[in-house]
Amino acid sequence: MNAKTARVAVLISGRGSNMVALAQACLDPDYPAEIVTVISDTYGAGGLARADEQGIKNLVVARKDFSNKQAHEAALSRLLAACEPDVICLAGFMRILSAEFLAPWQGRIINIHPSLLPKHKGLDTHAKALAAGDTEHGCSVHHVTPGMDEGPVIAQARVPVLAGDTSDTLAARVIVEEHKLYPHALQMLIESLGV
Ligand code: GRF
């Protein structure tokens, strides 16, 4: 392993395809990161099995096991601190994190979002792009701040919107770019942090 390998924690809620894309990038000995843990906020998230397949330690900190958001975030914070990550990647993690949770990680916690931010924050971004009549769409990796999908953008990838596109065809075109963009943006961040 590269002596300068950055330790990365990945938070997921669902199928985990972006987590797998990051894990695949980490297989390259020249890539400056390793995934030290995957944490899901949902039992049975597809990404957990995929982390197992990749041989990556994974666990669940389910929101439903805690009485409130603060307690859930406190448990997440404790686990993350114990893993000593240099960077935290949100990859389909469906929660807005509080300022208190984010403070220790500011500048070191990033997210991937399926739109060309600042356009189309939140859910259903592909339908929103179609409804807006956009001629291009894409994805963004950005710093995480308390505002939803509002942090500074690190990198973006663009795709054309084609005649006859549906949300599904557009999503399929964007996710291919997500899987290339996230490892690229993570590497850019790690290099800029000098981890
Ligand atoms: C991706 O489209 C990502 O941009 C968004 O949620 C989706 C997660 O997909 N934040 P996956 O779980 O990585 O497959």
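Reference entry: report on the structure contained in this document.

Analysis parameters
- Residues numbered from 1 in each chain as written.
- Predicted model: local features only at pLDDT ≥ 70, side-chain atom pairs only at ≥ 80, totals over all residues.
- Heavy atoms only, no water.
- Helix = DSSP H or I, 4+ residues; strand = E, 2+ residues; numbered from the N terminus.
- Contact = heavy atoms within 4.5 Å.
- Areas by Shrake-Rupley, 256 points an atom, 1.4 Å probe, with all protein chains shown as cover.
- Lys, Arg positive; Asp, Glu negative; His and termini not counted.
- Charge placed at Lys NZ, Arg CZ, Asp CG, Glu CD.
- Core = buried A, V, L, I, M, F, W, Y, C linked by side-chain atoms within 4.5 Å.
- Buried < 20%, exposed > 50% of the residue type's maximum accessible area, 1.4 Å probe, protein only.
- Near = heavy atom within 4 Å.
- Polar contact = N/O pair within 3.5 Å; in protein donor to acceptor, adjacent residues only side chain to side chain.
- Nonpolar A, V, L, I, M, F, W, Y, C, P; charged D, E, K, R; others polar.
- Arc of directions from axis to C-beta.
- Pairing = 2+ DSSP bridges.
- Axes fitted to C-alpha atoms, helices over the stretch in contact; angles between N-to-C directions.

So, the overall build of the protein chain
In step 1: Within the protein chain one finds six helices and seven strands.
In step 2: Reading the helices (α) and strands (β) of the protein chain from amino to carboxyl end gives β-α-β-α-β-α-β-α-β-α-β-β-α.
In step 3: A fraction of 63% describes how many contacts in the protein chain between residues 6 or more apart in sequence connect residues 24 or more apart.
In step 4: Accessible surface for the protein chain amounts to roughly 9100 Å². Of this, 55% is attributable to carbon and sulfur atoms.
In step 5: Between the averaged position of the 17 positive side-chain charges in the protein chain and that of its 21 negative side-chain charges there is a distance of 3 Å.

Side note on the nonpolar core
In step 1: Formed by 39 residues in total, the largest nonpolar core has its most connected members in V10, C89 and L186.
In step 2: If we ignore the near neighbours within four places in the chain, the residues touching V10 are M19, L22, I35, T37, V38, I39, C89 and A91.
In step 3: Judged by nonpolar contacts, the second largest core, of 16 residues, contains A9, V61, L97 and I109.

As for the site of the ligand
In step 1: For the ligand, the full set of nearby residues is R15, G16, S17, N18, G92, I112, H113, P114 and E178.
In step 2: One of the backbone N or O atoms of G16 is found 2.9 Å from an oxygen atom in the ligand.
In step 3: Here an oxygen atom of the ligand and a side-chain polar atom of E178 are 2.7 Å apart.
In step 4: Surface burial for the ligand is 85%, taken as the share of its 370 Å² of free accessible area covered by protein chains.
In step 5: Of all the elements in the fold, those that place two or more residues in the shell around the ligand are helix 1 (17-26) and strand 5 (109-113).
In step 6: In terms of residue class, the shell around the ligand is made up of two nonpolar, five polar and two charged.

Considerations on helix 2 (residues 46-53)
Spacing of three or four residues puts side chains on the same side of an α-helix, whose turn is 3.6 residues.
In step 1: Where helix 2 is concerned, the buried positions are G47, L48 and A51. Along the long axis of helix 2, the arc covered by the buried residues comes to 105 degrees, so they all point the same way. Away from the buried face of helix 2 by more than 90 degrees, exposed residues D52 and E53 are located.
In step 2: Tucked into the core, helix 2 has its buried residues touching strand 1 (6-12), helix 1, strand 2 (33-40) and strand 3 (58-60).
In step 3: Looking one or two residues past helix 2, G55 carries a phi angle of roughly 75 degrees, positive in sign.

Here's the deal with the pairing of strand 5
In step 1: Of all the five residues making up strand 5, five are buried; the element is thus mostly covered by neighbouring parts of the structure.
In step 2: Residue alternation in strand 5 divides its side chains into two sets, I109, N111 and H113 and I110 and I112, and both sets are buried.
In step 3: Across three bridges, the pairing between strand 4 (residues 87-90) and strand 5 is parallel. In the sheet register, C89 faces strand 5, and the bridge partner there is I110.
In step 4: As paired strands, strand 5 and strand 6 (residues 136-143) are joined by four bridges and run antiparallel to one another. In the sheet register, I112 faces strand 6, and the bridge partner there is V141.

Focus on the sheet that holds strand 1
In step 1: What the seven strands build is an open sheet, ordered 3-2-1-4-5-6-7; its pairing is mixed. Each edge of the sheet is formed by a strand with only one pairing partner; in this case those strands are strand 3 and strand 7 (153-160). Across this sheet, the average inter-strand angle for adjacent strands is 20 degrees, counted without regard to direction.
In step 2: Where strand 1 lies against strand 2, seven bridges are found, and the strand directions are parallel. Counterpart to I12 in the pairing with strand 2 is S40.
In step 3: Here helix 1 sits on the sheet and contacts strand 1, strand 2, strand 4 and strand 5; the angle it forms with strand 2, its principal contact strand, is near 160 degrees.
In step 4: Sitting on the sheet, helix 3 (residues 69-83) touches strand 1, strand 2, strand 3 and strand 4, and the angle it makes with strand 2 is about 160 degrees.

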